[in-house]
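Examination of the molecular architecture
One-letter residues, chain by chain:
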Amino acid sequence: MIISFVNQKDGVGTTTTAINLASSLVRKNHNLVLIDADPQGSATTWHSIEDNQAFEIIDHPGELTQADIKTIETAYDYVIIDAPPAVDEKVETILKTSDLAILPVTPSSLDLWSCKETLDKMNPESEALQSGKVRLLINRKIPGTRVGREARQTLDKFDTPVFETELCQRVAYIDAMKYGVSVMQFAPGSKAAGEIEQWGQEVIALLSKDMSEEDAPDNSIATLYREETDNILFRSFQNFL
Ligand SMILES: Nc1ncnc2c1ncn2[C@@H]1O[C@H](COP(=O)(O)OP(=O)(O)OP(=O)(O)O)[C@@H](O)[C@H]1O
Ligand SMILES: [Mg+2]
């Protein structure tokens with residue numbers, strides 16, 4: 001399964017959401033790799049901060065073909081692609097290959113307009129568009145605000161479905177990034193961790209029709225071990241929350 005994160009607008013949280021979704025899927029015992037297709041290399045920098053990363057990153061700043069992506073896919077349950085902020089030839093290739101394309105969008109008029117433009121520019125031949133698997137993701141919502149509520153109302157007018165889960169603006173996302181970890185590792189049990197886990201379930205449910213039995217998550221010793229590691233990390237980081 002190929003899940004890409006795209007939006008021509010920069011700074012909407014593409015890298016933050018891609019990394020946290022990847023971490024959430026790994027915690028559910030899926031085997032995955034993240035392709036950092038953005039020449040800015042933010043995901044690659046994040047990955048280099050922490051020694052014991054739960055998944056690998058392929059830094060791919062240059063040209064990327066459908067064959068490259070499909071070859072990588074053979075070794076993994078999921079390939080997550082952090083695309084550059086554009087709708088150019090490279091992003092077209094990524095979209096054509098994606099089983100699910102996710103567009104993070106922040107509740108600001110400028111971002112909403114830009115999101116609409118990104119959708120309009122997408123090639124209808126893309127795998128994700130053909131199978132109807134393009135989803136908008138509300139990110140950086142400020143809870144309890146009018147703009148937060150209005151974002152969903154505005155996005156509901158687009159033809160593209162919006163994830164039920166909304167990600168809020170929280171310092172845990174910024175701090176976790178600084179330490180090279182996910183929000184589940186940085187602040188287990190936090191609201192940020194909860195919303196990412198919930199969104200991860202939503203993504204899996206969306207794609208589950210196409211998944212085989214062996215992809216189903218299990219509750220192994222590895223999960224218990226990871227939770228213990230997370231608790232240790234949490235104890236060290238909680239002073240920074
Ligand atoms: N839910 C959130 N709460 C708080 N801060 C967030 C959230 N999501 C993203 N950010 C912050 O917003 C900024 C932009 O996020 P990020 O780098 O993930 O966006 P991007 O779309 O990948 O940007 P670029 O186009 O430059 O690659 C970062 O400082 C990040 O820490
Ligand atoms: Mg980025």
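About the cut-offs
Residues numbered from 1 in each chain as written. Chains lettered and ligands numbered in written order. Predicted model: local features only at pLDDT ≥ 70, side-chain atom pairs only at ≥ 80, totals over all residues. Helix = DSSP H or I, 4+ residues; strand = E, 2+ residues; numbered from the N terminus. Buried ≥ 20, exposed ≤ 12 C-beta atoms within 10 Å, placed from the backbone. Contact = placed C-beta atoms within 7 Å. Near = placed C-beta within 6 Å. Nonpolar A, V, L, I, M, F, W, Y, C, P; charged D, E, K, R; others polar. pLDDT = per-residue confidence, 0-100. Pairing = 2+ DSSP bridges. Axes fitted to C-alpha atoms, helices over the stretch in contact; angles between N-to-C directions. Core = buried A, V, L, I, M, F, W, Y, C linked by C-beta atoms within 7 Å. Parallel < 35°, antiparallel > 145°, perpendicular 65-115°, else oblique. Left-handed = near helix turned anticlockwise from the far one by under 90°.

Turning next to the overall build of the chain. Per the secondary structure count, the chain includes 11 helices and six strands. By the burial criterion, 42% of the 241 residues in the chain qualify as buried. Across the chain, contacts joining residues at least 24 apart in sequence account for 77% of those joining residues at least 6 apart.

Right, let's get into the site of ligand 1. The immediate surroundings of ligand 1 are formed by 19 residues, with Asp-10, Gly-13, Thr-14, Thr-15 and Thr-16 found nearest. Taken together, the elements giving at least two residues each to the shell around ligand 1 come down to α1 (14-27) and α8 (171-178). In terms of residue class, the shell around ligand 1 is made up of six nonpolar, nine polar and four charged.

Attention now moves to the confidence of the model for the chain. On average, residues of the chain score 87 in pLDDT, and 86% of them reach the 70 mark or higher. Residue range residues 211-241 is modelled with pLDDT below 50. Its contacts to residues more than four positions away, or to other chains, number 24 contacts.

Strand order in the open sheet formed by six strands is β3-β2-β4-β1-β5-β6, and the pairing between neighbours is parallel. Each of the sheet's edge strands pairs with one partner strand only, and the pair in question is β3 (56-59) and β6 (134-138). Adjacent strand axes in the sheet meet at a mean angle of 25°, parallel and antiparallel pairs treated alike. With five bridges joining them, strand β5 (residues 100-105) and β6 adopt parallel strand pairing. Paired with Ile-102 across the two strands is Arg-135, which belongs to β6. Along the sheet, helix α2 (residues 42-49) contacts β2 (32-36), β3 and β4 (78-82); its crossing angle with β3, the most-contacted strand, is approximately 140°.

Generally speaking, a soluble globular protein has its nonpolar side chains buried in company with each other. Judged by nonpolar contacts, the single largest core of 61 residues is most densely connected at Ala-22, Ile-80, Ile-81, Val-105 and Val-183. Here the element with the most residues in this core is α1; it accounts for six residues. Among all residues touching Val-183, those that are not within four sequence positions of it are Asn-20, Ala-172, Tyr-173, Ala-176, Ser-190, Ala-192, Ala-193 and Ile-196.

Turning our attention to the environment of Thr-65. Assignment of secondary structure puts Thr-65 in the loop between β3 and α3 (66-73). Accessibility expressed as a C-beta count within 10 Å gives 11 for Thr-65, which makes it exposed.

Now for the environment of Asp-82. Locating Asp-82 in the fold gives a position in strand β4. Look at Asp-82 and you get buried, because 28 C-beta atoms sit within 10 Å. Those residues in contact with Asp-82 that lie beyond four places of it in its chain are Phe-5, Thr-14, Thr-15, Ala-18, Leu-34, Asp-36, Ala-37, Asp-38 and Ala-43.

So, about the pairing of β4. In terms of burial, β4 is largely enclosed, as five of its five residues are buried. On β4, burial covers both faces: Tyr-78, Ile-80 and Asp-82 on one face and Val-79 and Ile-81 on the other are all buried. With four bridges joining them, strand β1 (residues 2-5) and β4 adopt parallel strand pairing. Its bridge partner being in β4, Ile-3 is matched across the sheet by Ile-80. Note that β2 and β4 share five bridges and pair parallel. The residue bridging Asp-36 from the neighbouring strand is Asp-82, located in β4.

Turning to unusual backbone geometry, a few remarks are in order. In the Ramachandran plot, Asn-29 falls in the positive-phi region, its phi being about 65° despite a non-glycine side chain. Along the chain, Asn-29 falls in the loop between α1 and β2. Residue class for Asn-29 comes out partly exposed when judged on the 16 C-beta atoms lying within 10 Å of it.

Glancing now at the pairing of β5. Here β5 lies mainly inside the structure; six of its six residues are buried. Residues Leu-100, Ile-102 and Pro-104 point to one face of β5 and Ala-101, Leu-103 and Val-105 to the other, with burial holding for every one of them. Two strands pair when backbone bridges link them, and β1 and β5 are joined in this way by three bridges, in the parallel orientation. Each residue of the ladder has a partner; that of Ile-3, found in β5, is Leu-100.

Between two packed helices, the angle of one axis relative to the other and the distance separating the axes together describe the packing. With their axes 9 Å apart at the nearest point, α3 and helix α4 (residues 89-97) run at an angle of 45° to one another. Judged on the interaxial angle alone, α4 and α3 are oblique. In terms of crossing hand, the pair formed by α3 and α4 is right-handed. Contacts between α3 and α4 involve Gln-66, Ile-69 and Lys-70 from the former and Thr-93, Lys-96 and Thr-97 from the latter. Class assignment for the residues of the contact of α3 with α4 results in one nonpolar, three polar and two charged.

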